[in-house]
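# Analysis of the macromolecular model
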Amino acid sequence: LLVWRRIGVVAIVLSVLAVGSAIAAFGTQWAFLAAQYPQLPGIAFSQHILDRAWLPGTLAAFSFLPLLLTHRRMSRSTLVLAVIGSAASILPVLLAIVRQRPGASVNPWAIHAPGFQDTLVVLFYTSFAVIVAVAIATGIVLIYRWLTWDADERRGLGWLIAGQWLLVAFFSPSLLAWFPN
């Protein structure tokens, strides 16, 4: 599907989501296999990097991707919302690279400066809160579009609104309660 359509931001985000999910699935399974066979290489890399690869695409699809599904030119405020959402979607992965998870194998990329690991907790939750706020704002923008656009432009928008608000209702609490320990 992505090959047949022109390459744009939506296609790139969906590709990042697909590739990141595949890498995360491989990394998680490799970590489980390496737990049984400790001589396997790459346990630290799979535990600390690969199994977090699902984050950017998933968070982007949740927070701002629906804003991009339009034939109209985006307003400045919508563009700013998408940029904030994309930055907030990338931040948790960057933080996970330097995080030493308690009880996990030693992360060779972890920063062990005093207080830094505690600061990561605050940064994780801050980025997740920003993502949820962008997702809520995206849902509001979609409702505004539904109310103000012509019938031809609204085709499919109702399902997109329903899906966005279901994600806000069910994914947001789990995202805010989850911490990658």
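It should be emphasised that the depicted structure is a prediction, and the values quoted were computed from it without experimental measurement. (Residues numbered from 1 in each chain as written. Predicted model: local features only at pLDDT ≥ 70, side-chain atom pairs only at ≥ 80, totals over all residues. Heavy atoms only, no water.)

### Some details on the nonpolar core
Formally: Among buried residues, the Ala, Val, Leu, Ile, Met, Phe, Trp, Tyr and Cys ones that are joined through side-chain atoms within 4.5 Å form a nonpolar core. Each residue's exposure class comes from its accessible area (1.4 Å probe, protein chains only) as a fraction of the maximum for that residue type: buried when under 20%, exposed when over 50%, partly exposed otherwise. Under the DSSP-based scheme used, a helix requires at least four consecutive residues in state H or I and a strand at least two consecutive residues in state E, with every element numbered from the N terminus.
In this structure, Leu59, Phe62, Phe124, Phe128, Ile131 and Leu175 are the most contacted members of the largest nonpolar core, which totals 16 residues. Counting only elements with at least two residues in this core, the list comes to α3 (55-63), α4 (76-97), α5 (116-148) and α6 (157-177). Broken down by element, this core gets its largest block of residues, six residues, from α5. One finds Phe64, Leu68, Ala82 and Val141 within the second-largest nonpolar core, a separate group that totals ten residues.

### Examining the pattern of salt bridges
Formally: Whenever a carboxyl oxygen of Asp or Glu lies within 4 Å of a side-chain nitrogen of Lys or Arg, that contact is scored as a salt bridge.
In the structure shown here, the tally under the stated rule is two salt bridges. One salt bridge in this structure joins Glu153 and Arg72, with 2.6 Å as the shortest N-O distance. A residue pair is termed long-range when its members are at least 10 positions apart, and Glu153 in the loop between α5 and α6 and Arg72 in the loop between α3 and α4 qualify at 81 residues. Accessibility expressed as a relative area gives 32% for Glu153, which makes it partly exposed. For Arg72, a relative accessible area of 37% gives the class partly exposed.

### Focus on the side chain of Gln164
Stated precisely, the cut-off is as follows: Any two residues having at least one pair of non-hydrogen atoms within 4.5 Å are treated as being in contact.
Considering the arrangement of structural elements, one finds Gln164 in helix α6. Beyond its immediate stretch of four places on either side in the chain, Gln164 contacts Phe62, Ser63, Pro66, Ala135, Thr138, Gly139 and Leu142.

### Quick notes on α6
The following threshold applies: What a helix is expected to span follows from its residue count: subtract one and scale by 1.5 Å. Consider a residue and the seven residues that end there alongside the seven that start there; fitting an axis to each set, the bend is the angle between those axes.
Its 21 residues give α6 an end-to-end C-alpha distance of 30 Å, which sits within 8% of 30 Å, the value for a rise of 1.5 Å per residue. Along its length, α6 reaches its greatest deviation from straightness, about 35°, at Phe171, and the proline Pro173 lies no more than four positions downstream. Among the residues making up α6, those that are buried are Leu157, Ile161, Gln164, Val168, Ser172 and Leu175. Packing partners of the buried residues in α6 comprise α3 and α5.

### As for the packing of α3 against α4
Describing two packed helices takes the angle between their axes plus the distance from one axis to the other. The line we're drawing: Angles shown run from 0 to 180 degrees and are taken between the N-to-C directions of axes, each axis being a line fitted to C-alpha atoms and, for helices, limited to the stretch in contact. In what follows, roughly perpendicular refers to angles from 65 to 115 degrees, roughly parallel to angles under 35, roughly antiparallel to angles over 145, and oblique to any angle outside these ranges. When the near helix sits turned anticlockwise from the far one by under a right angle, the crossing is termed left-handed; a clockwise turn instead gives a right-handed crossing. Just so you know the grouping, Ala, Val, Leu, Ile, Met, Phe, Trp, Tyr, Cys and Pro go in nonpolar, Asp, Glu, Lys and Arg go in charged, and all remaining residues, Gly too, go in polar.
Contact pair α3 / α4: the axes reach a minimum separation of 8 Å and the direction vectors enclose 150°. With respect to α4, the element α3 is oriented roughly antiparallel. For the pair α3 and α4, the sense of crossing is right-handed. Of α4, the residues touching α3 (which contributes Leu55, Pro56, Leu59, Ala60 and Ser63) are Gly85, Ser89, Pro92 and Val93. Residue composition of the contact of α3 with α4, grouped by class: six nonpolar, three polar and no charged.

### Considering the confidence of the model for the protein
Any region with low pLDDT has predicted coordinates that should not be read closely. As a reminder of what qualifies: Every residue is assigned a pLDDT by the predictor, reflecting its confidence on a scale from 0 to 100.
Across the protein, pLDDT averages 84, with 93% of residues at or above 70. The lowest-confidence element of the protein is helix α2 (residues 43-48), averaging 72 in pLDDT; the highest-confidence one is α5, averaging 91.

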